Amino acid sequence: AAFNVGLMLVLEYAMLEAADVLVVGQILESLNPNVKALPFIILSLLVLTYMNYRGVYATLTLNFVITAGVFILLFSTSFYDPQLTLINLKKMTDGLPYGYLGIIAAMQFAVWFFLGIEGGALAAEECRSTSRALPLGTMIGLSVLLIGATTTWFVCSGLVPAEKLGESAYPLYDAALATGKLYVIIALFVGTIMACLASANGCINDASRAWFAMSRDGLIPPIFAK
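Every chain is numbered on its own, with residues counted from 1 as its sequence reads. Two thresholds apply to this predicted model, a pLDDT of at least 70 for residue-level local features and 80 or more for giving and counting side-chain atom pairs, whereas whole-chain, interface and lining totals are computed over all residues. Heavy atoms from the whole structure form the basis of all side-chain values; hydrogens and water molecules are not counted.

**Overview of the nonpolar core**
Link 1 in the chain: If you look at the biggest cluster of nonpolar residues, it comprises 17 residues, and the most contacted ones within it are Val24, Ile27, Phe189 and Ile193.
Link 2 in the chain: Going along the chain from the N terminus, every DSSP run of H or I of four or more residues is numbered as a helix, and every run of E of two or more is numbered as a strand. Counting residues per element, this core draws most heavily on helix α10 (residues 182-216), at 7 residues.
Link 3 in the chain: What makes two residues a contact is simply this: any of their non-hydrogen atoms within 4.5 Å. Apart from residues lying up to four places away in sequence, valine 24 is in contact with Ile193, Cys196 and Leu197.
Link 4 in the chain: With 13 residues, the next largest nonpolar core counts Leu74, Ile87, Leu159 and Ala175 among its residues. Put simply, a nonpolar core is a bunch of buried Ala, Val, Leu, Ile, Met, Phe, Trp, Tyr and Cys residues held in one set by side-chain atoms that sit within 4.5 Å of each other. Using a 1.4 Å probe on the protein chains alone, a residue whose accessible area is under 20% of its type maximum counts as buried, one over 50% counts as exposed, and one in between counts as partly exposed.

Listed below in structure tokens is the structure:
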């Protein structure tokens, strides 16, 4: 059972890091159809893999820094102020076009959120106090996810029609375009790319740590723990 879970982690992280860098390629191609995305995709993976090879501390610290861009979108809309907000509340497209059945259908995507939360356990050896840090980090992570995801859904579905939002490969960037504010568009262009790279970065780290944990526990040959 432990081997199956470990192998599932490696395969999930490998698929997600590939999806992340493909989105980076799509965003670059949206600027100019003549842009060849493949070199950027390969270069992104190589740079992030090298960073993980050099050390996990730099890898995880980088993720804290480059995922902060979403706050620029949230506060640029003044969503908290009914008098100033850019969100079209009166003509707002239904954020739940399929009702509660849509929530159930969307549960499959919650697997990726779960993947992000469980990835924290793979950095257990990097904590000064593992028994304290892991439960605390998991609970804080879940709280941030619930609040952040709900707020982001509310803001984005108030800026972009749900039909377009559901088909978008980069919904945050599309929401930024809908604000019409140049600094927000630039920030979210860079921020979306960086967020995807941060996700890929975490996936590379977690996949390698899963190999390490399985090797240390004797589930696969010791060479994988080197």
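**So, the layout of surface pockets**
Link 1 in the chain: Taken as a whole, the second largest pocket holds about 180 Å³ of empty space.
Link 2 in the chain: Lining the second largest pocket, in full, are Thr49, Asn52, Tyr53, Arg54, Gly55, Val56, Ile204, Asn205, Ser208 and Arg209.
Link 3 in the chain: Secondary structure elements with two or more residues in the lining of the second largest pocket: α2 (37-54) and α10. A pocket, in this scheme, is an open set of points on a 1 Å grid over the protein atoms alone with protein on both sides within 12 Å along at least 5 of 7 lines, while a cavity is a set where a 1.4 Å probe fits but cannot get out; residues line either one if an atom lies within 4 Å of a point. Grid points are joined across faces, edges and corners, and a volume is the space filled by probe spheres set on the points.

**Focus on α2**
Link 1 in the chain: An ideal rise of 1.5 Å per residue puts 26 Å on 18 residues; α2 measures up with 26 Å between its terminal C-alpha atoms.
Link 2 in the chain: By the burial criterion, the buried members of α2 are Ala37, Ile41, Ser44, Leu48 and Asn52. The arc enclosing the buried residues of α2, seen along the axis, measures out at 60°, which places them on a common side. Turned more than 90 degrees away from the buried face of α2 sit Leu38, Leu46, Tyr50, Tyr53 and Arg54, all of them exposed.
Link 3 in the chain: Buried residues in α2 make contact with α1 (2-31), α3 (56-66) and α10. Multiplying 1.5 Å by the helix residue count minus one yields the expected span of that helix. The directions considered for the arc run from the helix axis to the C-beta atoms.

**Things to note about the environment of proline 97**
Link 1 in the chain: By secondary structure assignment, the location of proline 97 is in the loop between α4 (70-76) and α5 (99-105).
Link 2 in the chain: According to the relative accessible area criterion, proline 97 is partly exposed, its value standing at 45%.
Link 3 in the chain: Residues proline 97 and serine 168, 71 residues apart in the sequence, show an inter-C-alpha distance of 16 Å.

**Section: the side chain of aspartate 20**
Link 1 in the chain: For aspartate 20, the location among the structural elements is in helix α1.
Link 2 in the chain: In summary, the charge assignment counts Lys and Arg as positive and Asp and Glu as negative, without counting His or the chain termini. A pair is scored as a salt bridge if a Lys or Arg side-chain nitrogen falls within 4 Å of a carboxyl oxygen belonging to Asp or Glu. Arginine 209 provides the closest opposite charge to the buried, unpaired aspartate 20, separated from it by 18 Å.
Link 3 in the chain: Not counting chain neighbours up to four residues away, the residues in contact with aspartate 20 comprise Cys196, Ser199, Ala200 and Cys203.

**Examining the packing of α1 against α10**
Link 1 in the chain: The interhelical angle for the contact between α1 and α10, taken along N-to-C directions, is 160°, at an axis separation of 8 Å. Accordingly, the angle class assigned to the pair α1 and α10 is roughly antiparallel. You can see that α1 and α10 cross each other, and the crossing is left-handed.
Link 2 in the chain: Polar here means any residue outside two lists: the nonpolar Ala, Val, Leu, Ile, Met, Phe, Trp, Tyr, Cys and Pro, and the charged Asp, Glu, Lys and Arg; Gly therefore counts as polar. Counted by class, the contact of α1 with α10 contains 23 nonpolar, 3 polar and 3 charged residues. Here an axis means a line fitted to C-alpha atoms, over the contact stretch when the element is a helix, while the angle between two N-to-C directions is reported on a 0 to 180 degree scale. For classification purposes, an angle smaller than 35 degrees is called roughly parallel, one larger than 145 roughly antiparallel, one from 65 to 115 roughly perpendicular, and anything else oblique. Should the near helix be turned anticlockwise from the far one by less than a right angle, the crossing is left-handed, and should it be turned clockwise, the crossing is right-handed.

**Examining unusual backbone geometry**
Link 1 in the chain: In this structure, serine 78 is a non-glycine residue whose phi angle is positive, near 50°.
Link 2 in the chain: Relative to the assigned elements, serine 78 resides in the loop between α4 and α5.
Link 3 in the chain: For serine 78, a relative accessible area of 13% corresponds to the buried category.

**Side note on the side chain of serine 168**
Link 1 in the chain: Following the sequence through the fold, serine 168 ends up in the loop between α8 (162-167) and α9 (171-179).
Link 2 in the chain: Among the polar contacts made by the side chain of serine 168, one reaches the side chain of aspartate 174 at a distance of 2.6 Å. Polar contact criterion, stated in full: a pair of N or O atoms within 3.5 Å, where within protein one must be able to donate a hydrogen and the other to accept it, and residues adjacent in sequence count only if both atoms are side-chain atoms.

**Points about the packing of aromatic side chains**
Each aromatic ring pair is described using two quantities: the centre-to-centre distance and the angle formed by the ring planes.
Link 1 in the chain: The criterion for an aromatic pair is that two Phe, Tyr or Trp rings (for Trp, the six-membered ring) have centres within 6.5 Å, with stacked assigned to planes under 30 degrees apart, edge-to-face to planes over 60 apart and tilted to the rest. Counted according to the given criterion, the structure contains 6 aromatic pairs.
Link 2 in the chain: Joined through ring pairs, the aromatic side chains of Phe75, Phe79 and Tyr80 make up one cluster.

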